[in-house]
Amino acid sequence: MSVLSDHDIAVALAGGRVRVDPYDPADLQPSSIDLHLDRSFRVFRNNRYPFIDVRSPQPDLTELLSITDDEPFVLHPGEFVLGQTLEWVELPDDLVARLEGKSSLGRLGLLIHSTAGYVDPGWKGKLTLELSNVATLPIALYSGMKIGQISFFEMSSPVDRPYGSQGLGSKYQGQSEPTASAYFEDFKRARKGAGARPAGNGEPAR
């Protein structure tokens, strides 16, 4: 697996193999593209549920907020919110991407993802950011600021089932706003699968 250089990224963009929209050539780095912060954030409302239940949908757990062009979104120490990239990103079936934070922001205590730095082949949509402040002071975030960088890795061969293919259970294809977790859907599929399997002693499955 090889990392695309700036030259190869430019060729992939020009040929439509990779889509990053909007795209400014000034954002092209030696082996990545700088991405920017959008104006929408999904904040957690801790007073609505006693705990986060990963097995159950909790539609009121988060609330979508937006800021204006010059308005700061203040992320307090220890706070965790979901944001998103300004850019819409599309990948072909033979490239995988990695989203990483900017070093300068990391030195201020801003983390842009906990585990979701991996972008599957076939992905289409804006990228949800898992924003957290590990500093001791609040951090002001602004719409349009550089927030991260995406790099591209060429795979050994195209995948048989790109992200979004039927049967994969892809939850976030085509997202255009910070999207809350849909992990509970995994439990639904697991229960359906268990119900379809015959019992080991010959009895009908319940």
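Computed from a predicted structure; not experimentally measured. (Residues numbered from 1 in each chain as written. Predicted model: local features only at pLDDT ≥ 70, side-chain atom pairs only at ≥ 80, totals over all residues. Heavy atoms only, no water.)

Chemist: How should I be thinking about the overall build of the chain in this particular structure?
Modeler: Each helix and strand counted, the chain has 3 helices and 13 strands in total. When each of the 206 residues of the chain is scored for burial, the buried share is 35%. For the chain, restricting intrachain contacts to residue pairs at least 6 apart in sequence, the fraction spanning at least 24 positions comes to 74%. (Helix = DSSP H or I, 4+ residues; strand = E, 2+ residues; numbered from the N terminus. Buried < 20%, exposed > 50% of the residue type's maximum accessible area, 1.4 Å probe, protein only. Contact = heavy atoms within 4.5 Å.)

Chemist: Honestly, a nonpolar patch on the surface in this entry has me stumped. Any pointers?
Modeler: Side chains of Ile52, Val54 and Tyr183 sit close together on the surface and give an oily, nonpolar patch of about 290 Å² of accessible area. Checked against the element boundaries, valine 54 lands in the loop between strand 4 (40-44) and strand 5 (62-66). (Patch = residues over 30% accessible without salt bridge, like charges linked within 9 Å, V, L, I, M, F, W, Y side chains within 5 Å. Areas by Shrake-Rupley, 256 points an atom, 1.4 Å probe, with all protein chains shown as cover. Salt bridge = Lys/Arg side-chain N within 4 Å of Asp/Glu carboxyl O.)

Chemist: I'm lost on the layout of surface pockets in this one. Help?
Modeler: In this structure, the largest pocket spans a volume of roughly 870 Å³. Among the elements of the structure, strand 7 (80-90), strand 10 (118-119) and strand 11 (124-133) are those that each provide at least two residues to the lining of the largest pocket. For the lining of the largest pocket, the class distribution of residues is 20 nonpolar, 10 polar and 3 charged. (1 Å grid on protein atoms, 1.4 Å probe; cavity = no way out; pocket = protein on both sides within 12 Å on 5 of 7 lines; lining within 4 Å. Points joined across faces, edges and corners; volume = space filled by probe spheres on them. Nonpolar A, V, L, I, M, F, W, Y, C, P; charged D, E, K, R; others polar.)

Chemist: How do you make sense of the confidence of the model for the chain when you look at a structure like this?
Modeler: Fine structural detail should not be taken from predicted coordinates in areas where pLDDT scores are low. Counting all residues, the mean pLDDT for the chain is 88, and 90% of those residues have values of 70 or more. Below a pLDDT of 50 lies the segment residues 196-206, which in the model reaches 5 contacts outside its immediate sequence neighbourhood of four places, other chains included. (pLDDT = per-residue confidence, 0-100.)

Chemist: What exactly am I supposed to notice about the pairing of strand 8 (residues 95-101) here?
Modeler: When a strand is regular, its side chains alternate between the sheet's two faces. By the bridge criterion, 7 bridges tie strand 8 to strand 13 (residues 146-154) in an arrangement that is antiparallel. Residue pairing in the sheet places leucine 95 in a bridge with glutamate 154 of strand 13. Bridge count for strand 8 against strand 10 is 2 bridges, and the pairing is antiparallel. The residue bridging alanine 97 from the neighbouring strand is valine 119, located in strand 10. (Pairing = 2+ DSSP bridges.)

Chemist: I keep staring at helix 1 (residues 6-14) and nothing clicks. Help me out?
Modeler: Along an α-helix, residues three or four apart share an orientation, since each turn contains 3.6 residues. Listing the buried residues of helix 1 in full gives Ile9, Ala12 and Leu13. One side of helix 1 carries all its buried residues, which in axial view fall inside an arc of 100°. In helix 1, the exposed positions angled more than 90 degrees off the buried face are occupied by His7 and Ala14. Considering only its buried residues, helix 1 is in contact with strand 2 (19-21), strand 3 (33-36) and strand 13. Looking one or two places after helix 1, you find glycine 16, whose phi comes out positive at around 80°. (Arc of directions from axis to C-beta.)

Chemist: Honestly, the packing of aromatic side chains in this entry has me stumped. Any pointers?
Modeler: Any pair of aromatic rings gets described here by the distance separating the centres and the angle formed by the planes. Tallied over the full model, the rule gives 3 aromatic pairs. A centroid spacing of 5.5 Å and a plane angle of 50° characterise the contact between tryptophan 123 and tyrosine 163, whose relative ring orientation is tilted. Taken together, the residues span a long stretch of sequence, with tryptophan 123 in the loop between strand 10 and strand 11 and tyrosine 163 in the loop between strand 13 and helix 3 (184-196) at a distance of 40 residues. Comparing tryptophan 123 with tyrosine 163, the two get one shared label, buried. (Phe/Tyr/Trp six-rings, centres within 6.5 Å; stacked < 30°, edge-to-face > 60°.)

Chemist: So what exactly am I meant to see when it comes to the nonpolar core here?
Modeler: As a rule of thumb, nonpolar side chains are buried together in soluble globular proteins. Residues Leu131, Leu141 and Phe152 are the most contacted members of the largest nonpolar core, which totals 34 residues. The contact partners of leucine 141, leaving out residues within four places of it in the chain, are Leu37, Phe41, Ile67, Glu71, Pro72, Phe73, Leu75, Leu110 and Leu131. (Core = buried A, V, L, I, M, F, W, Y, C linked by side-chain atoms within 4.5 Å.)

Chemist: Teacher, can you tell me more about the pairing of strand 7 here?
Modeler: Of all the 11 residues making up strand 7, 8 are buried; the element is thus mostly covered by neighbouring parts of the structure. The pairing of strand 7 with strand 11 spans 8 bridges and is classified as antiparallel. Pairing of leucine 82 across the sheet is with glutamate 130, part of strand 11.

Chemist: Please clarify how the pattern of salt bridges should be interpreted in this entry.
Modeler: By the definition in use, this model includes 13 salt bridges. Glutamate 90 serves as the salt-bridge partner of arginine 19, at 2.9 Å between the closest nitrogen and oxygen. Residue arginine 19 is located in strand 2, and its partner glutamate 90 is located in strand 7; the two are separated by 71 residues in the primary sequence. For arginine 19, a relative accessible area of 36% corresponds to the partly exposed category. Here glutamate 177 makes a salt bridge to arginine 42, at a shortest N to O gap of 3.2 Å. Of this pair, glutamate 177 sits in the loop between strand 13 and helix 3 while arginine 42 is found in strand 4, placing the two residues 135 residues apart along the sequence. A residue is classified by how much of its surface remains accessible, and glutamate 177, at 36% relative accessible area, is partly exposed. The exposure class of arginine 42 is buried, given its relative accessible area of 12%. Through salt bridges with shared partners, one network takes in Arg17, Asp94 and Glu154.

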